[in-house]
Amino acid sequence: MIEKGSLIVYSGPSGVGKGTVLKTLLAPAGPLVLSVSATTRAPREGEVNGREYHFVTREKFEQMVKEGDMLEYAEYNGNYYGTPKSFVERQLEMGNDVILEIETKGAAQVKKLCPEAVLIFIMPPSYQELENRLLGRGTETAEQCAGRLKAALREIEAAENYDFIIVNDTVENARLQLMKAVSAGKLICRINKNKIYEVLKNVKTGNE
Ligand code: ADP
Ligand code: 5GP
């Protein structure tokens, strides 16, 4: 029987470097499969439909939610973002480790629904550095950046609910730590309860 893959939730405030760090682990023969989310936000320059996101209208997104196609979804800064369920389920069944790059409200939904998910939060070295990176990326208007930086405070507080925190000081450090967190995640007790029962189930104590 194929052992099911790990479900990994990966979050962090906008501009912290989630995409930059993750890209280094998603090479064609890399160890992780990325779940491509659906969103109602407009594509950024260079983003390709089906690669960075499935770009859909609000109507289409709401229909997907109504039909139960989403594992989780949330509204973030005026747009919907959600994880199509069937792709994730299929990949896990095939034994692949699947990573969901999602914000913290969606992560909380996954944690409730799938207690076996491993939650990893990527933190900036400081709030000032987060601001520099987000503004420096230059992909959002000043108003959108302000909204994202405000959301960042709420998201950083939510890091308490994660299994691992990685500080993205340098991309190389963060990459190595992300790899370690993915490996260590497979050993977390709540994910391995079956191993306890496997050993105990056939033991004759003599007290029965
Ligand atoms: P996110 O996916 O979290 O929104 P990005 O990966 O788009 O963030 O990174 C935001 C900006 O920060 C980009 O311009 C990226 O090149 C830069 N960046 C990412 N990681 C680092 C780092 N460790 N040090 C300095 N700049 C970084
Ligand atoms: P961006 O617009 O910068 O691509 O993404 C904005 C935020 O939405 C990021 O925190 C990103 O992780 C999050 N996000 C992307 N896809 C999903 C998703 O499927 N579900 C949820 N809940 N958040 C997502």
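Our subject is the structure listed above.
Everything numeric here is computed off the predicted structure, so don't read it as measured data.

### Thoughts on the pattern of salt bridges
Inspection of every chain in the model, using the stated rule, returns 12 salt bridges. The salt bridge partner of Glu47 is Arg44, with a shortest N-O separation of 3.9 Å. Here the two residues Glu47 and Arg44 agree in accessibility, since each one is buried. Asp163 is the salt-bridge partner of Arg190, the closest N and O atoms lying 2.8 Å from each other. Of this pair, Arg190 sits in the loop between helix 7 (171-185) and helix 8 (193-200) while Asp163 sits in the loop between helix 6 (142-158) and strand 9 (164-167), and the two are 27 residues apart along the sequence. Here Asp163 falls in the partly exposed class, since its relative accessible area comes to 28%.

### So, the site of ligand 2
Taken together, 16 residues are adjacent to ligand 2, and Ser37, Arg41, Tyr53, Tyr81 and Glu103 come closest. The backbone of Gly82 places a nitrogen or oxygen atom 3.0 Å from an oxygen atom of ligand 2. Separating a nitrogen atom of ligand 2 from a side-chain N or O atom of Glu103 is a distance of 2.7 Å. Within the complex, 96% of the 510 Å² of free accessible area of ligand 2 lies under protein. Judged by its atoms lying within 2 Å of the grid points, ligand 2 is housed in the largest pocket. Elements with a minimum of two residues in the shell around ligand 2: strand 5 (70-76) and strand 6 (79-84). Residues that form the shell around ligand 2 fall into these classes: 5 nonpolar, 4 polar and 7 charged.

### So, the sheet that holds strand 2 (residues 32-34)
Ordered in space as 2-7-1-8-9, the 5 strands form an open sheet in which the pairing is parallel. Looking along the sheet, the strands with just one partner apiece sit at the ends: strand 2 and strand 9. Neighbouring strand axes in the sheet, compared pairwise and without regard to direction, differ in orientation by 30° on average. Strands in contact with helix 4 (residues 104-113) are strand 1 (7-11), strand 7 (97-101) and strand 8 (118-123); relative to strand 1, the strand with the most contacts, it is inclined by about 160°.

### A few points about a nonpolar patch on the surface
On the surface, Ile196, Tyr197, Val199, Leu200 and Val203 cluster together into a nonpolar patch covering about 490 Å² of accessible area. Among the structural elements, Ile196 can be located in helix 8.

What counts as what
Residues numbered from 1 in each chain as written. Chains lettered and ligands numbered in written order. Predicted model: local features only at pLDDT ≥ 70, side-chain atom pairs only at ≥ 80, totals over all residues. Heavy atoms only, no water. Salt bridge = Lys/Arg side-chain N within 4 Å of Asp/Glu carboxyl O. Buried < 20%, exposed > 50% of the residue type's maximum accessible area, 1.4 Å probe, protein only. Helix = DSSP H or I, 4+ residues; strand = E, 2+ residues; numbered from the N terminus. Near = heavy atom within 4 Å. Polar contact = N/O pair within 3.5 Å; in protein donor to acceptor, adjacent residues only side chain to side chain. Areas by Shrake-Rupley, 256 points an atom, 1.4 Å probe, with all protein chains shown as cover. 1 Å grid on protein atoms, 1.4 Å probe; cavity = no way out; pocket = protein on both sides within 12 Å on 5 of 7 lines; lining within 4 Å. Sits in = over half its atoms within 2 Å of the grid points. Nonpolar A, V, L, I, M, F, W, Y, C, P; charged D, E, K, R; others polar. Pairing = 2+ DSSP bridges. Axes fitted to C-alpha atoms, helices over the stretch in contact; angles between N-to-C directions. Contact = heavy atoms within 4.5 Å. Patch = residues over 30% accessible without salt bridge, like charges linked within 9 Å, V, L, I, M, F, W, Y side chains within 5 Å.

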